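Architecture at a glance
These are the residues of each chain, in order.
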Amino acid sequence: MTELRDELAALAGHYRAIQEQMGQFIVGNEPLLELCMVGLLSGGHLLMEGTPGTGKTTIVKALAKLTGCNFSRFQCAVDSQPADILGVRIFDQASREFILRKGPVFTNFLLIDEINRLAPRTQSAFIEAMSERQATLDGVTISIDPPFVVLATQNPFESEGTFPLIEAQKDRFMFSMPLSQLDDEGELEIVRREHAGALDWDAYYSSLSPVMNGRLVLHFMRVSRQVYMEQHLLSYIRDLVMATRRHGDVSTGASSRASIALVRGSRACAALRERTYVIPDDIKWLAPRVLRHRLVLTREAEISDITPAAVIEEILETVEVP
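Right, let's walk through the structure included here. (Residues numbered from 1 in each chain as written. Predicted model: local features only at pLDDT ≥ 70, side-chain atom pairs only at ≥ 80, totals over all residues. Heavy atoms only, no water.)

**Some remarks on the overall build of the protein**
A tally of regular secondary structure across the protein gives 15 helices and 11 strands. Its C-alpha atoms give the protein a radius of gyration of 20 Å, near enough to 20 Å, the size a compact globule of 322 residues would have. Principal axes of the C-alpha set define a box for the protein whose edges measure 70 × 45 × 45 Å. Residues counted as buried form 47% of the 322 residues belonging to the protein. In the protein, the share of contacts with a sequence separation of at least 24, taken over all contacts with a separation of at least 6, comes to 79%. Positive and negative side-chain charges in the protein, numbering 33 and 42 respectively, have mean positions lying 7 Å apart. (Helix = DSSP H or I, 4+ residues; strand = E, 2+ residues; numbered from the N terminus. Rg over C-alpha atoms; globule rule 2.2 N^0.38 Å. Buried < 20%, exposed > 50% of the residue type's maximum accessible area, 1.4 Å probe, protein only. Contact = heavy atoms within 4.5 Å. Lys, Arg positive; Asp, Glu negative; His and termini not counted. Charge placed at Lys NZ, Arg CZ, Asp CG, Glu CD.)

So this is what it looks like as structure tokens:
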């Protein structure tokens with residue numbers, strides 16, 4: 001147990017160093033940074049929803065550098081093809097044989113910008129990579145080296161030229177988070193920093209000093225899995241997931257992937273908070289981020305303007321906390 005405490009203290013120290021460097025440029029969005037770290041430690045993917053200009057791309061790119069991981073970005077468009085994501089085999093004139101030109105999916109941090117602008121056929125190209133950490137090209141399966149995390153964005157306020165994600169695709173995302181614009185004080189801080197010349201992205205990005213590397217990330221992933229969970233907390237997770245399936249306003253509740261996400265994510269959450277054990281607050285903090293994108297409401301609930309967030313809030317209030 002002492003060894004685990006020492007490991008978690010080291011992880012918390014690295015996380016504080018990341019927060020400090022991110023805070024030099026990023027205003028607000030602390031929950032998003034924490035959720036990105038939880039996703040990285042638990043091996044889960046993240047779907048971010050919000051208007052442009054809320055710092056999604058900036059946070060992901062800076063975090064990839066600070067953790068010493070490779071970063072790729074794919075800007076989605078209606079005419080994008082699966083080969084643009086996975087890669088393609090081309091004929092090399094010099095060697096007289098086909099060689100693989102890997103696509104952006106072969107990385108550690110993959111940012112998919114506006115994923116709902118991809119046609120369904122192209123969206124499906126991500127399913128194998130996200131669930132099995134591999135990609136198949138021309139019948140050949142190629143592994144994606146860990147750590148591997150997909151962070152996708154979508155703008156929920158523009159529907160023209162977009163294709164809603166199918167349920168199977170959304171379920172591959174371990175977490176989701178809606179992002180809002182800054183409040184008055186946060187917006188004023190942006191204005192102050194711009195006035196002071198402190199929002200030069202190129203200068204900031206070049207000044208970032210990695211505090212981790214890929215091997216250390218994999219080590220801390222193993223460490224977070226050693227965080228203890230009592231049996232009554234496992235039952236609490238079961239009760240939350242089952243409540244989504246029995247709720248009168250829900251036509252399709254959360255899948256078993258939600259249960260797995262709550263177990264893995266709550267352990268990572270406790271690890272970041274330097275605890276050797278999970279508490280109910282870890283699960284309650286994660287529950288909306290795990291369940292929201294997995295719920296399909298009934299037609300009557302949608303007509304009545306009931307939202308998944310409202311359903312989850314009701315479930316958290318009614319399910320007994322151990």
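There's plenty left to go through after this.
**Considering the pairing of strand β8 (residues 149-154)**
Along β8, six of the six residues are buried, which leaves the element largely enclosed by surrounding structure. With burial as the criterion, each face of β8 is covered, one bearing V149, L151 and T153 and the other bearing V150, A152 and Q154. Bridging between strand β1 (residues 46-49) and β8 involves four bridges; their strand directions are parallel. Residue pairing for β8: L46 is matched across the bridge by L151. (Pairing = 2+ DSSP bridges.)

**Observations regarding the layout of surface pockets**
One water molecule sets the probe size; rolling that probe over the atoms shows where empty space is left. Counted as a void, the second largest pocket has a volume near 500 Å³. Of all the secondary-structure elements, those providing two or more residues to the lining of the second largest pocket are α2 (30-42), β9 (175-178), α8 (184-195) and α13 (280-291). In terms of residue count, the dominant contributor to the lining of the second largest pocket is β9 (three residues). The class makeup of the residues in the lining of the second largest pocket is 13 nonpolar, eight polar and three charged. (1 Å grid on protein atoms, 1.4 Å probe; cavity = no way out; pocket = protein on both sides within 12 Å on 5 of 7 lines; lining within 4 Å. Points joined across faces, edges and corners; volume = space filled by probe spheres on them. Nonpolar A, V, L, I, M, F, W, Y, C, P; charged D, E, K, R; others polar.)

**Some remarks on the packing of aromatic side chains**
For the structure shown, the criterion picks out four aromatic pairs. For K65, the ring lying beneath its charged end belongs to Y205, and the centroid distance is 4.4 Å. Looking at R275, its charged tip hangs above the ring of Y277, at a distance of 6.0 Å from the centre. (Phe/Tyr/Trp six-rings, centres within 6.5 Å; stacked < 30°, edge-to-face > 60°. Lys NZ or Arg CZ within 6 Å of the ring centre and 35° of its normal.)

**Some remarks on the sheet that holds strand β2 (residues 71-75)**
Within a sheet, each strand pairs with its neighbour through backbone hydrogen bonds, oriented either parallel or antiparallel. Judged by pairing direction, the sheet is parallel, and its five strands sit side by side in the order β2-β5-β8-β1-β9 without closing on themselves. Bordering the open sheet on either side are β2 and β9, each of which pairs with just one other strand. The mean inter-strand angle of the sheet, taken between neighbouring strand axes irrespective of direction, is 15°. Judged from the four bridges that link them, strand β5 (residues 109-113) and β8 form a sheet pairing that is parallel. Each bridged residue has a counterpart across the sheet, and for L111 the counterpart in β8 is L151. Sitting on the sheet, helix α3 (residues 56-66) touches β1, β2, β5 and β8, and the angle it makes with β5 is about 165°. (Axes fitted to C-alpha atoms, helices over the stretch in contact; angles between N-to-C directions.)

In short, geometric facts, not functional conclusions.
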